[in-house]
Amino acid sequence: MLEVRDLRVTFGPRRKPFVAVDGVSLTVGANETVGLVGESGSGKTTVARSIVGLVRPASGSITYDGRAVPAGTSRPGELQRAIQMVFQDPRSSLNPWMTVASIIGEAWRTHPSAASDLDRLLADVGLDSSVAGQRASQLSGGQCQRVSLARALAVKPRLLVCDEAVSALDVSVQAQILRLLDDLRRRHNLSMLFISHDLGVVHQIADRIAVMRRGVLVEEGPATDVLGAPQHEYTQSLLDAALELNS
Amino acid sequence: MAESSSGSDDLLLEVSGLVVDLPGRVRAVRVVDEVSFDIPSATTVGLIGESGSGKTMTANALIGLLPDGAIVGGSLNWRGEELLTATASRRRGLRGHEIAMIFQDPLAALNPTQTIGRQVGEILRRSGKSRAAVRERVVELLDRAGIPAPAEKLGSFPHEFSGGMRQRAVIAMALAGNPSLLLADEPTTALDVTVQARILRLLRSIQEDAGLSMLLVSHDLRVMAHVAHQVVVMYAGRVAERGATSDVLRQPAHPYTRALVDSVPAVRTKTALAHPLPGTPATPSNRPAGCAFHPRCPLARERCRTEQPALRAVAPGRWTACHFAEKVLDA
């Protein structure tokens, strides 16, 4: 469904650019969840931002359902709708002064054909309809992340790009949001690109896992293979460093 | 898991009935509510909790670093000396010397305009050592903290170091005062996993070699399992349960600990998603009556809504604040 080919993203001066993503190819199939792991500076977030159009790649192509996705933000509304992003920190990705109803309303104004029932949408992400009138700043971290999910789902996307979507949450709340994501993807037949530094969480939720290091994809395969029997030494070193609760 | 105890019975610090009230908009908020635990010598004690659990406030109360207007009660017995009634200068004297601190963000703990050598050596210089002696000791400390070619790093500035190296510099700085207790608040939370593993190994070896005690504050159960001998699980400003780390994590005696343990996925094998607790962590400003955990607890009964469970022993060294601890243990 989503195909990223030879993606290259650079930052800084043209003469001496910093190569953040260096020739990454990646696919996400229909109803598939792909985990993207790596340490800070690996380029995983830049890949995500390129896919949703927040970053303009230097070269490479992104196709969605066989159609080329134009680089940057100038993409047709239909494609904008189809691919939605959920960020790590819901407190900084939601306007604290806006009510939940107006946050969702804004998404519906941009994509009027997707507009539907607010109460049903909130119920879908486990929120009571009474939060509709509350401002984002009045909500807990977990509630805010549910609102972020509702905003993404409001426009009926096909692919969710989740960048560390549970990393900033308390452990007990993280488990709720993971379960919610898994439920939502089943109920709405969503594909997901799930980016995280937490190998345990990725192992739970992803069908396939891709490992990035310094802008390069070093290993990719079924989740149980990549984390159960890694082929690349970098994946092995990540696993060696990962702590288990029982060992 | 870390060995369950050091074998030493000497208590370094005895925290009993610690209470911290912070001024609130309407009324004071009790952010730490009757917290009691011991830190034996040569032992790492972990404070586990989510946001609002009071773990950082508890740690800060030990070193007297609380926000203005905070009212502290209870007792902090440091080797027979009551800290809460000690003079301000005595408590200042303790900080950085007998009790040293490491925080989450090394960049915030370091002065960006001073060299690493100057900052690590500050406490030594103030003790009146000669320049040569200070320099020699700083090189030793940087080396102990695992900074390669330490003699060449004395003139480096914090921005020239990576995150992991900065945290090592902060550790060297903490060791400079030759502390008996190292207080580490989320020391590896901001670091990448491979760096985190190395820093944790370093902290563990320093604790063992120097025979010092450590109070490790973290939300991360995996970190606790690898570093702490004993853990104190906090919820809404109170102790939910405490005991030897391996016992508490393998066989929780509180439903909250049980849920925390269940929510930590394995890394090398694929595990099913956990059954999450409903709701969000209670905070001290809206702490439910009775057992603060009852609205989220799968075992809650009428009694839990009205009667606050006292912390009680359920096995040697195991303390829990749950009316139905025996049920949790049997599960």
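Only a predicted model underlies this, so the values are computations on that prediction, with no experimental measurement involved. Sequence order as written defines the numbering, with residues in each chain counted from 1. Going through the entries in the order they are written, you letter the chains from A and number the ligands from 1. A pLDDT threshold of at least 70 governs which residues receive local features in this predicted model, and a stricter bar of 80 or more applies before side-chain atom pairs are shown or counted, although totals over entire chains, interfaces and linings include all residues. The side-chain quantities take in all heavy atoms of the structure and omit both hydrogens and water.

### Some remarks on the pairing of strand E8 (residues 213-218) of chain B
Residue and element names in this part refer to chain B.
Phase 1: Each residue is placed in one exposure class: buried if its accessible area under a 1.4 Å probe, protein chains only, is under 20% of its type's maximum, exposed if it is over 50%, and partly exposed if it falls in between. Strands here are runs of E lasting at least two residues and helices are runs of H or I lasting at least four, both read from the DSSP assignment and numbered beginning at the N terminus. Of all six residues in E8, six are buried, a share of seventy percent or more.
Phase 2: In the sheet, strand E3 (residues 44-48) pairs with E8 via five bridges, with the strands oriented parallel. Note that in E8 the partner of Ile48 across the bridge is Ser218.
Phase 3: Two strands pair under a simple rule: DSSP has to find at least two bridges between them. Across five bridges, the pairing between strand E7 (residues 181-185) and E8 is parallel. Looking at the pairing, Ala184 lines up with Leu216 of E8.
Phase 4: By convention a crossover is right-handed if, when the strands point away from the viewer, the path from the first strand over the helix to the second runs clockwise. In this view, the connection linking E7 to its parallel neighbour E8 by way of helix H8 (residues 193-210) has right-handed handedness.

### Section: the sheet that holds strand E12 (residues 318-320) of chain B
Consider a sheet: its strands pair through backbone hydrogen bonds, and that pairing is either parallel or antiparallel.
Residue and element names in this part refer to chain B.
Phase 1: Taken together, the eight strands give an open sheet; going across it, the order is E6-E7-E8-E3-E9-E10-E12-E11, and neighbouring strands pair in mixed fashion. Each having just a single partner strand, strand E6 (99-102) and strand E11 (312-315) make up the two edges of the open sheet. Across the sheet, the mean angle separating the axes of adjacent strands is 20° when strand polarity is ignored.
Phase 2: Strand direction decides the pairing type here: strand E10 (residues 238-244) and E12, joined by two bridges, are antiparallel. Its bridge partner lying in E12, Glu241 is registered against Thr320.
Phase 3: The criterion used for residue contact is that any of the two residues' heavy atoms lie within 4.5 Å. Axis angles are defined between N-to-C directions and span 0 to 180 degrees, where every axis is a line fitted to C-alpha atoms and, for a helix, only to the segment in contact. Each of E3, E7, E8 and strand E9 (230-235) is contacted by helix H1 (residues 55-62), which is oriented at about 150° to E8, the strand it contacts most.
Phase 4: Across the sheet, helix H11 (residues 255-262) lies against E3, E9 and E10, angled at about 105° from E9, the strand it touches most.

### Quick word on the packing of aromatic side chains
Residues and elements named next belong to chain B.
Phase 1: Aromatic rings from Phe, Tyr and Trp, taking only the six-membered ring of Trp, are treated as a pair when their centres fall within 6.5 Å; an angle between ring planes under 30 degrees marks them as stacked, one over 60 as edge-to-face, and anything in between as tilted. According to the stated counting rule, one finds three aromatic pairs over all chains in the structure shown.
Phase 2: In this structure an aromatic cluster arises from ring pairing among Tyr235, Tyr256 and Phe293.
Phase 3: The ring of Phe324 has Arg301 lying over it, and the distance from NZ or CZ to the ring centre is 5.1 Å.
Phase 4: The residue whose ring lies beneath Lys327 is Phe324, and the NZ or CZ to ring-centre distance is 5.4 Å. Two limits define a charge over a ring: the Lys NZ or Arg CZ must be within 6 Å of the ring centre, and within 35 degrees of the ring normal.

### A closer look at the UniProt feature "domain: ABC transporter" (unreviewed entry) in chain B
Phase 1: UniProt positions are given in the numbering used here, feature names are shortened, and annotations may be inferred rather than shown by experiment. Per the UniProt entry, the sites bearing "domain: ABC transporter" (unreviewed entry) are residues 13-261 of chain B in this numbering.
Phase 2: Helix makes up 40% of residues 13-261 of chain B and strand 26%. Its end C-alpha atoms lie 28 Å apart.

### Re empty space enclosed by the protein
Empty space among the atoms can be located by rolling a probe the size of a water molecule over them.
Phase 1: Buriedness for pockets is judged along seven lines, at least five of which must meet protein on both sides within 12 Å for an open set on the 1 Å grid over protein atoms alone, while cavities are sets there where a 1.4 Å probe fits but cannot get out, and lining residues have an atom within 4 Å of a point. Grid points are joined across faces, edges and corners, and a volume is the space filled by probe spheres set on the points. Applying the stated criterion across every chain, the model contains five cavities of 30 Å³ or more.
Phase 2: Quantified by volume, the largest cavity comes out at close to 70 Å³.
Phase 3: Considering only residue class, the lining of the largest cavity consists of 10 nonpolar, three polar and no charged.
Phase 4: Size it by volume and the second largest cavity reaches roughly 40 Å³.
Phase 5: Together, Val37(A), Gly38(A), Glu39(A), Ser196(A), His197(A), Leu199(A), Leu238(A), Asp192(B) and Val193(B) line the second largest cavity.
Phase 6: Each residue is assigned to one class: nonpolar for Ala, Val, Leu, Ile, Met, Phe, Trp, Tyr, Cys and Pro, charged for Asp, Glu, Lys and Arg, and polar for all the others, Gly among them. Along the lines of polarity and charge, the residues of the lining of the second largest cavity split into four nonpolar, three polar and two charged.

### Looking at the UniProt feature "domain: ABC transporter" (unreviewed entry) in chain A
Phase 1: Annotation from UniProt places "domain: ABC transporter" (unreviewed entry) at residues 2-239 of chain A.
Phase 2: Taken end to end, residues 2-239 of chain A comprises 37% helix and 26% strand; its first and last C-alpha atoms sit 28 Å apart.

### A closer look at the nonpolar core
Side chains that are nonpolar tend, in soluble globular proteins, to be buried together.
Phase 1: The definition of a nonpolar core used throughout is a set of buried Ala, Val, Leu, Ile, Met, Phe, Trp, Tyr and Cys residues joined through side-chain atoms within 4.5 Å. Counting residues in hydrophobic clusters, the biggest one holds 67 residues, and the most contacted among them are Ile102(B), Leu142(B), Ile171(B), Leu182(B) and Leu221(B).
Phase 2: The dominant element in this core, judged by the number of residues it contributes, is helix H7 (residues 163-175) of chain B, at six residues.
Phase 3: Here this core gathers at least three residues from each of two domains, domain 1 (11-98 + 179-330) and domain 2 (112-178) of chain B.
Phase 4: Look past the residues within four positions of Ile171(B) in its chain and what remains in contact with it is Ile102(B), Ala145(B), Ile199(B), Leu202(B), Leu203(B) and Ile206(B).
Phase 5: Membership of the second largest hydrophobic core comes to 58 residues, among which are Leu118(A), Leu122(A), Leu127(A) and Leu153(A). Residue ranges assigned to each domain were obtained from an automatic or database domain assignment.

### Quick notes on the environment of Thr245(B)
Residue and element names in this part refer to chain B.
Phase 1: With respect to the secondary-structure elements, Thr245 resides in helix H10 (residues 245-250).
Phase 2: Judged by its relative accessible area of 2%, Thr245 falls in the buried class.
Phase 3: For the pair formed by Thr245 and Ala225, sequence separation is 20 residues and the distance between their alpha carbons is 6.4 Å.
Phase 4: Contacts of Thr245, omitting those with residues within four sequence positions, involve Met224, Ala225, Ala228, His229, Gln230 and Val231.

### Things to note about the packing of H7(B) against H8(B)
All names here are of chain B.
Phase 1: Their axes nearest at 10 Å, the elements H7 and H8 cross at an angle of 15°. The orientation of H7 relative to H8 falls into the category roughly parallel. Of the two possible hands of crossing, H7 and H8 adopt the one that is right-handed. Every residue of H8 that contacts H7 at Gly164, Gln167, Arg168, Ile171 and Leu175 is listed here: Val195, Arg198, Ile199, Leu202, Leu203 and Ile206.
Phase 2: For the contact of H7 with H8, the residue count by class is seven nonpolar, two polar and two charged. Angle categories: roughly parallel below 35 degrees, roughly antiparallel above 145, roughly perpendicular from 65 to 115, and oblique for all the rest. Throughout, a crossing is termed right-handed when the near helix is turned clockwise from the far one, and left-handed when it is turned anticlockwise from it by less than a right angle.

### Observations regarding the side chain of Arg242(B)
All names here are of chain B.
Phase 1: On the secondary structure map, Arg242 appears in strand E10.
Phase 2: One buried charged residue, Arg242, remains without a salt bridge, the closest side chain of opposite sign being Asp38 at 5.2 Å.
Phase 3: If near-sequence neighbours (up to four positions away) are discounted, Arg242 is found in contact with Ser36, Phe37, Val231, Val232, Val248, Leu311, Gly317, Arg318 and Trp319. His residues and chain termini do not enter the charge count, which takes Lys and Arg as positive and Asp and Glu as negative. Every case where a carboxyl oxygen of Asp or Glu lies within 4 Å of a side-chain nitrogen of Lys or Arg is listed as a salt bridge.

### Looking at unusual backbone geometry
Phase 1: Although it is not a glycine, Asp6(A) adopts a positive phi angle of roughly 50°.
Phase 2: Inspection of the secondary structure puts Asp6(A) in strand E1 (residues 2-11).
Phase 3: Assessed through its relative accessible area of 48%, Asp6(A) is described here as partly exposed.
Phase 4: Notably, Ala236(B) is not glycine yet its phi reads approximately 50°, a positive angle.
Phase 5: Position of Ala236(B) relative to the elements: it lies in the loop between E9 and E10.

### Considering the domain arrangement of chain B
Often, the extent of an interface is quoted as the loss of accessible area upon association of its parts.
Residues and elements named next belong to chain B.
Phase 1: Along its sequence, chain B is carved into domain 1 (11-98 + 179-330) and domain 2 (112-178).
Phase 2: Computed over C-alpha atoms, the centres of domain 1 and domain 2 are 31 Å apart.
Phase 3: When two components associate, each loses some accessible surface as probed by a 1.4 Å sphere; the sum of these losses over both components is called the buried area. When domain 1 packs against domain 2, the two sides together hide about 1100 Å² of surface, and 67% of this comes from carbon and sulfur.
Phase 4: If you sort the residues of domain 1 by the area they bury against domain 2, Pro179, Leu202 and Ile206 come out on top, with a joint share of 39%.
Phase 5: Where domain 1 meets domain 2, there are one salt bridge.
Phase 6: Of the charged contacts, one joins Arg144 and Asp209 as a salt bridge, the two residues approaching to 3.0 Å between their closest N and O atoms.
Phase 7: Pairs of N or O atoms within 3.5 Å make up the polar contacts considered here, provided that, within protein, one atom can donate a hydrogen while the other can accept it, and that residues adjacent in sequence are counted only when both atoms are side-chain atoms. At the boundary of domain 1 with domain 2, the tally comes to three residue pairs in polar contact (both at pLDDT 80 or more).
Phase 8: For the side of domain 1 that touches domain 2, the leading source of residues is H8, giving eight residues.
Phase 9: Class assignment of the residues belonging to the side of domain 1 that touches domain 2 gives a composition of 10 nonpolar, four polar and two charged.

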